[in-house]
Structure formats: structure tokens, C-alpha cells
Amino acid sequence: TYLSGAEYLLRQFTGGDAAADICRDGKGERKVIESEKYRLIRRAVREFAKQEVAPLAESIEETGRIPKELYRKMAQNQYFGVTIPEEYGGCGAGYVAMAIVMEELARASVSATLYVTSPNTLLGLPILNYGTEEQKEKYLVPVMKGEKEGTFALTEPSAGSDAATQNTIARKDGDYYIINGRKAFITAAPLCDFAVVFAATDVSLGARGITAFIIERDTPGYSVGQPERKMGVNGSPTADIILENVKVHKSQILGEEGKAFQMAMKTLDSGRLVVAAQCLGIAEAAMKEAVGYVRQRRQFGGALSEFQGIQFMLADMETKLCCARALIYDAAEKKDAGMNITKEAAAAKYFASEMCNEIAAKALQLHGAYGYMKDYPIERIFRDARVTTIYEGTSQILQTVIAKQVLKGR
Ligand code: COS
């Protein structure tokens, strides 16, 4: 399914013929040249990002969401199901393809990528890997088609990095659970039809007493708070989900009772890899702005790009960007090969998020006072970069994850 999924993705992206050409040799046998395949995917997504996303980047921030038409086109292009197999409406193209899609879209709009991360990772993967066939049909397939939106609700006002200390409580009541609590900073909560909500079913068991429930938005007692006022990524609304005596049937449990924390952690391994690719796209965008600016800006009788001090800055920025790229695509290849990537994904996200913040800050610095004004894209890129060292595991939590793996493995 991997190869046919990739072919399928290619057909979506290229309109068919190019995919057929490279996927068949002269005798009609399927022959895929890996690098060529990914090169074509990248070219197609880059074109989409340039034509369909970049021109809307500012208006997406102003309106607080992406236009329905763009959402529809993203679904049509299979962006919501790059990691999800064809049988559930995705294209199963894998994580190298996912990293490419993410990187290219993030160059145009970070907010737009948040609509793509959730179905491919935090929301889609738990349903794919732990859901019943009914749950997959009911929730995953419509998400792939762009007919429904869902979200992942783990964080709470007092359970951020310490995700195992859940204060949302699910009390068993016959075949039902009564859920009370508040989930915080939930991506796209105001737009979502349902959420995968984590709650403690046995507080005394800590991480081993957490259960995930699929809860539909129209369930009595489920409400959404006011969208947060944020520093960046304003094109994707973030809000609390409030649960007051929400009654759900046990059939809404995702996976097994008490096993949801491990499920969340495994899912975050993939999520972190995809966020790392998002960081790469942000850094690429910042580099492009920096290079464009220093080439045309003249001071002291020459272009800024002619000064060695500026060249040294660009050299350091580019070197770090290349290091992040190597970490990310190495982790993605390992993931596609079926390997555990807890350490690799944490390292990729830790390095890439710190790197994209540094590059965005330096790119802004190179713009001087103009960079501080809203007239130049670097101002938005700088603000959008900031969240990446925070969500899906802060840099400090990722350091602990990496250290734990290092100590275990040597
Ligand atoms: N894959 C599979 N299982 C994992 C895992 C992983 N990557 N990481 C942890 N687990 C399992 C452990 O093996 C353990 O299982 P057992 O109880 O069967 O032994 C269980 O999960 C608890 O692990 P641990 O003791 O390490 O949990 P901690 O409470 O110490 O938490 C951290 C570990 C801090 C790493 C975790 O809480 C975390 O990642 N926090 C950040 C949360 C986050 O990223 N939030 C963003 C939300 S989405 S925007």
C-alpha cells in the first residue's frame, strides 16, 4: 500500500500523467525512482502553496481561519491523509512525503499547516491505530474528505508538560461515563465537530489511569470557550473545551480504558516529527525574506549582502537549517521503515524549533527597522515561529525525552 499510496498522491498532485510515466517502465512494470517521486511531490506542493496559499497568508491571519474553498482543495489534494492509508480515505504516502508537504505549506502559511497536522497526526493517528472499524468509518473517513473536523484535547490549564496529571475526570456510570473538566489551548476547537478528549478514569493510577473518549460537539455539557488572543498563528483559532457532566457511552472510548497516555505519547512521536518539518518550512521562508532583503538593501555604498558580517550571519543560518533538514528526513525515513522514532522525533523537533526561532530572529534583524513593521512578511514569520518551541512538547521536555532514550540505549 505504501507504493500505491505514493502513486496515488502523485496522481492527485500532478494530474496523473507524470505519475504514470515515472511509476511504469517500458514494459508496463511499476518502477518508482524514490528521489524522483519525492521531487515531484515537492514540486506539486510547492506550486500549490505558491498559487493557493501564499496569496491568502495575510487574510488567513486577519479572518482567524482558512477559507472553506482552500480547506476543500487541501482535502481534494489528499493533504489531510498523507499518513493515513487509502482504505480510510488517505493516501498512505508515508512520513517523508508528509514532511515534504508540511515543509512546503509552512513556507507559505504556518496557520494553514495547522489544519493539516491534526488529521495526519494528533487526531488521525489515534483513531487509525486504536479505533474500532466503526469509529474509523464514522470519524476518520469524513475528516479525510474534509467533511468533518476533529481535534486532540490533552492539555489542561494545570496539565501542560505534566500531561499525566489530568484533572478532567471520567466517572463510570453503568455503560456510560460522566465527564467533567476543562481542556486548554485546543487547536481549532471553535471549528471542530468532535474531539478526542483525555480524562482520568482512575486518578490513583496516574499515567496508567487515563482514557480517551471521542466526544461530539453537540453532546450536552460540551462547550467551547472564547478563542484565545495569541501572538501568532492567528489563522487557526485556539480555545478551551469545557466539559460539564458530559455523558458518553462506553463505545466512545478510543482504545482501551487506562491506556490513553501511552497512546498520546506514541502519537506525539509522529506529531513532533511533523512539527519539525513545519519549523523547516518557517526557516526556509525566513531565509528567503532575509536573502531577498540583503540583496536589495543598500547602505554605506553597497548592498548589505556584500558585507562579510552579513554573509557570516547567512552562513550560520543556512548551516543550521541544513542540520535540521538532515535530522528531520532521517527521522522520517526511519519512521517509514517502521522504526521507533521517540528520540529522533524529539531531537528533530527540539533542534528545528530552536533553529527556526533563531533564523526568524536573525532574518528580522537583517531587515533592521523594516523588519519590526507589519509591512514585511518577516514580522509574521517571526511571531509564527515562536510557538514551535512550546507546542507538542517544549524544548525542555524534549531534552528530557532525548536524555531518557540516550541513557536507556547506551
Ligand atoms: N511511546 C510509548 N509510550 C511512552 C512514550 C512513548 N514515546 N513515552 C512514555 N510512554 C509510556 C511509558 O513507557 C510509561 O508506560 P508504562 O506506564 O506502561 O510504564 C508511561 O507512558 C508513562 O511514561 P513516563 O513515566 O515517562 O511519564 P511522565 O509522566 O514522566 O511524562 C513526559 C513523560 C514528560 C515526556 C510527557 O508527559 C510529555 O511528553 N509531556 C509533554 C506533553 C506534550 O507534549 N503536550 C503537548 C500537547 S499536544 S499540543
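Now for a quick tour of the structure. Numbering of residues starts from 1 in every chain and runs along the sequence as written. For this predicted model, a pLDDT threshold of at least 70 governs which residues receive local features, and a threshold of 80 or more governs which side-chain atom pairs are given and counted, while totals over whole chains, interfaces and linings are taken from all residues. Hydrogens and waters are ignored; side-chain quantities use all the structure's heavy atoms.

Focus on the packing of aromatic side chains
- Put simply, two rings from Phe, Tyr or Trp (the six-membered ring, in Trp's case) pair if the centres are within 6.5 Å, and we call them stacked under 30 degrees between planes, edge-to-face over 60, tilted for the rest. Enumeration over the complete set of coordinates arrives at ten aromatic pairs.
- Aromatic side chains Tyr71 and Phe80 sit 4.8 Å apart centroid to centroid with 45° between the ring planes, which places their arrangement in the tilted category.
- Note on classification: 1.4 Å probe, protein chains only; a residue is buried when its accessible area is under 20% of the maximum for its type, exposed when over 50%, partly exposed between these limits. The exposure class of Tyr71 is buried, given its relative accessible area of 13%.
- Judged by relative accessible area, Phe80 falls into the buried class, the value being 0%.
- Relative to Phe307, the ring of Phe300 lies with its centre 6.4 Å away and its plane at 85°, an arrangement referred to as edge-to-face.
- When its relative accessible area of 81% is taken as the criterion, Phe300 is described as exposed.
- Connected via pairs of aromatic rings, a cluster forms that spans Tyr71, Phe80 and Tyr115.
- One Lys or Arg, Lys247, reaches over the ring of Tyr176 and ends 4.7 Å from the middle of that ring. Whether a charge sits over a ring comes down to the Lys NZ or Arg CZ being within 6 Å of the ring centre and within 35 degrees of the ring normal.

Overview of the pattern of salt bridges
- Salt bridge, as applied in this entry: a Lys or Arg side-chain nitrogen positioned within 4 Å of an Asp or Glu carboxyl oxygen. Going through the model one piece at a time under the given rule, you end up with 21 salt bridges.
- Of the charged contacts in the structure, one is a salt bridge between Glu216 and Lys138, with a shortest N-O distance of 3.3 Å. Taken together, the residues span a long stretch of sequence, with Glu216 in strand β5 (residues 210-216) and Lys138 in helix α9 (residues 133-144) at a distance of 78 residues.
- Taking relative accessible area as the criterion, Lys138 reaches 43% and is therefore assigned partly exposed.
- Sharing partners across several salt bridges, the network here consists of Arg42, Arg46, Glu103, Glu104, Glu284 and Arg325. Counting from the N terminus, the helices are the DSSP runs of H or I reaching at least four residues and the strands are the DSSP runs of E reaching at least two.

What about the packing of helix α11 (residues 308-336) against helix α12 (residues 342-366)?
- Only the stretch in contact is used when a helix axis is fitted, and all axes are lines through C-alpha atoms; the angle between N-to-C directions ranges over 0 to 180 degrees. Two elements in contact, α11 and α12, have axes separated by 9 Å at closest approach and are oriented at 155°. Comparing their axes, α12 and α11 come out roughly antiparallel. The two elements α11 and α12 cross, and the hand of that crossing is left-handed.
- For this classification, the nonpolar set comprises Ala, Val, Leu, Ile, Met, Phe, Trp, Tyr, Cys and Pro, the charged set comprises Asp, Glu, Lys and Arg, and every other residue, Gly included, is treated as polar. Of the residues that constitute the contact of α11 with α12, the class distribution is 18 nonpolar, no polar and six charged. Angles below 35 degrees are treated as roughly parallel, those above 145 as roughly antiparallel, those between 65 and 115 as roughly perpendicular, and all remaining angles as oblique. A crossing counts as left-handed when the near helix is turned anticlockwise from the far one by less than a right angle, and as right-handed when that turn is clockwise.

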